[in-house]
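Below are the chains, spelled out letter by letter.
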Number of protein chains: 2
Amino acid sequence: MKIMKSIVVKSLLALLLLANAASAAEPLPSWNDTVQKKAIVTFVEQVTREGSPNFVPPAERIATFDNDGTLWSEQPMYFQMAFMRDRVRALAPQHPEWKKKQPFKAMLEGDMKAVSVGGQHALVELIMATHAGYTTEEFAQIVKDWLVTARHPKTGRPYTEMVYQPMLELLAYLRTNGFKTYIVSGGSVEFMRPWTEKVYGFPPEQVVGSSFKTKFELRNGKPVLVQLPEFNFIDDNEGKPIGINQYIGRRPIAAFGNSDGDLQMLQWTTAGSGARLALLVHHTDAEREWAYDRTSSFGRLDKALDEAQAKGWTVVDMKDDWKIIYTFEKN
Amino acid sequence: MKIMKSIVVKSLLALLLLANAASAAEPLPSWNDTVQKKAIVTFVEQVTREGSPNFVPPAERIATFDNDGTLWSEQPMYFQMAFMRDRVRALAPQHPEWKKKQPFKAMLEGDMKAVSVGGQHALVELIMATHAGYTTEEFAQIVKDWLVTARHPKTGRPYTEMVYQPMLELLAYLRTNGFKTYIVSGGSVEFMRPWTEKVYGFPPEQVVGSSFKTKFELRNGKPVLVQLPEFNFIDDNEGKPIGINQYIGRRPIAAFGNSDGDLQMLQWTTAGSGARLALLVHHTDAEREWAYDRTSSFGRLDKALDEAQAKGWTVVDMKDDWKIIYTFEKN
């Protein structure tokens, strides 16, 4: 019973600290006091206040987040594509034929325009050449090693520092209010899971994304899973609600995206009953980040922007709504 | 601050109640004091005791459970198959051709031997005819409705009462000790998720299983997901570690099964470093449940039994190790 008492006392202290912290900390400090911030706070208060007609029990407070362009930047190209480029370069000595063979030649020369000429087919070839053949453990290590040395061309920062401080605050705010938060990204789970917990606080089981088929093998009696050169699932557009249903099995009450690839996820989320939050991050800040929407090759926001306006979804204007973009701006 | 104090006081009371309950309750009351129960308790104590060389942080305490034959019975046939039989009967008036067409004719006549003659192909035909074409919401309702009226042929009980009381206690014991528990079943998620939370305490996002492909559609502007007549994933044998990697993204430290379909999951689980628990439920009780293993058509346990013996995995003898099988035996 002594131990139990000590646990109780410790828990009591922790609760008191928590109570103080909760009353002291204003949520979303990097958000300006605009209608967008208000929409978020109003929604969270509605679904968490017991007795409110829109109250949602904690277990059903599912919130899903796109990654590229919603939680971290996606320019001048998706970061997983920069990873692929660097992997093609690292693997090139073992593939002398790549010097003459497209799309590898273009990738080695850093000529992304020439890569894009090859279209979907070239992209798939590059993805498979850089992701397949590894065991799941080998590949996770490759991703971790890459993140240590790779730097973003514009900021010179590690890619994992190119995450949006206001969105980190939003994640913290939702989690404090009992939400279970998920990534639902077009990027692959193999590329995301090695770092999403440390950077954003998403454990591996809360990361939904595109994925590769794997093969179970016994190597000297030890089982391994080997990544195959075949997509298992493409988690984009219609794939997002499909992936949500497949992996989570519940409809989110809040969804966050930034491009047409997120449209169906937002439609699916808002089609449920009760209070719903659908939010788009609009890239409007050419100075601190990038400004792009309807014609961008990465993160095109066109149809979803129209639908957001028609349906009254929350559209965040990065330039006006966010005091800072990246955490490192604090320093 | 008044509200905060009230929360603190309530939490303190809850903690005291919890402390009393924890010191009073002996874990696994329906388990006899055999070497199998001891193996479970020893494992849990090892991985939860801080400072122990085998300590595992709570976030990594993943435990995966097969369903059919591990958490509930699977005789005289998998319960999802009984569901299919009843669905074929319910749908027969809309399909007069089934009276003359196999495997439907055999299913309508309840002639399971004749159904099995059709092999894998016939089975797939039956699965698709009874599971495809519905929206995910329609299908969940069909499963719920079926469970209300369907009765097991031997006990006359609802199928959801054919769950093993000792396994419910094991689930509770693991959860109390910070484990995150998952179903990893050959049965389909569409069939399991509507009831696993209520019956076992697995929320939808902790149910991994076989699944159907779905299609995203807008019906009068409202998005729906329609189940297609095509498998998305078969979660059996090699599929179990593949599914675990795909859905959870972490290797379990404990896995529970009862048949050869669970062998690879147990291999995958035990191949990790540190303390591991691999457990097989051996159906040895012809009187209170069923006795079967190496030659059964449902839940065959042959190779996995050999490997369990060779590797010293825990094999539960239902007859000797369990005081009762089903919860209703308590009454």
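This one's a predicted model, so the numbers in the text were calculated from it and none came from an experiment.

**Looking at helix α8 (residues 165-176) of chain B**
All names here are of chain B.
Step number 1: Over its 12 residues, α8 runs 17 Å from end to end, which matches the ideal 16 Å to within 8%, given 1.5 Å per residue.
Step number 2: The set of residues buried in α8 consists of P166, M167, L170, L171 and L174. In a view along the axis of α8, the buried residues occupy a sector of 145°, so they form one face of it.
Step number 3: Structurally, α8 contributes buried residues whose contacts are with α2 (35-48), β1 (62-65), β2 (180-188) and α9 (189-200).

**A few points about the environment of K144 of chain B**
Step number 1: Among the structural elements, K144 of chain B can be located in helix α7 (residues 136-149).
Step number 2: In contact with K144 of chain B, not counting residues within four places along its chain, are P194 and W195 of chain B.

**Examining α2 of chain B**
The α-helix winds at 3.6 residues per turn, so residues separated by three or four positions along the chain end up facing the same way.
Residues and elements named next belong to chain B.
Step number 1: Between its first and last C-alpha, α2 extends 20 Å over 14 residues, near the 20 Å set by a 1.5 Å rise per residue.
Step number 2: All buried positions along α2 are accounted for by Q36, K37, I40, F43, V44 and V47. Down the axis of α2, the smallest arc covering the buried residues is 130°, so these residues share one side. Pointing more than 90 degrees away from the buried face of α2 are the exposed residues V35 and K38.
Step number 3: Buried residues belonging to α2 abut α8, β5 (254-257), β6 (277-282), β7 (314-317) and α13 (318-321).

**A closer look at the nonpolar core**
Step number 1: Among the nonpolar cores identified, the biggest contains 129 residues, and I183 and L280 of chain A together with I183 and L280 of chain B are the most heavily contacted of them.
Step number 2: Contacts of I183 of chain A, omitting those with residues within four sequence positions, involve F65, N67, M192, T196, F202, Q206, V207, V208 and G209 of chain A.

**Details of the environment of R288 of chain B**
Step number 1: Here R288 of chain B lies in the loop between β6 and α12 (303-311).
Step number 2: Counting along the chain gives 31 residues from R288 of chain B to K319 of chain B, while the straight-line C-alpha distance between them is 8.1 Å.

**Description of the domain arrangement of chain A**
Residue and element names in this part refer to chain A.
Step number 1: What the domain assignment lists for chain A is domain 1 (30-76 + 157-330) and domain 2 (79-149).
Step number 2: Listed as interface residues are 18 residues of domain 1 and, on the opposing side, 15 residues of domain 2.
Step number 3: Of all the elements in the fold, those that place two or more residues in the side of domain 1 that touches domain 2 are β2 (180-188), α9 (189-200), β3 (207-219) and β4 (222-233).
Step number 4: Of the residues forming the side of domain 1 that touches domain 2, the biggest block, 6 residues, is contributed by β4.
Step number 5: When the residues that make up the side of domain 1 that touches domain 2 are grouped by side-chain class, the tally is 12 nonpolar, 5 polar and 1 charged.

Reading the values: the criteria
- Residues numbered from 1 in each chain as written.
- Chains lettered and ligands numbered in written order.
- Predicted model: local features only at pLDDT ≥ 70, side-chain atom pairs only at ≥ 80, totals over all residues.
- Helix = DSSP H or I, 4+ residues; strand = E, 2+ residues; numbered from the N terminus.
- Expected span 1.5 Å × (residues − 1).
- Buried ≥ 20, exposed ≤ 12 C-beta atoms within 10 Å, placed from the backbone.
- Arc of directions from axis to C-beta.
- Contact = placed C-beta atoms within 7 Å.
- Core = buried A, V, L, I, M, F, W, Y, C linked by C-beta atoms within 7 Å.
- Domains from an automatic or database assignment.
- Nonpolar A, V, L, I, M, F, W, Y, C, P; charged D, E, K, R; others polar.

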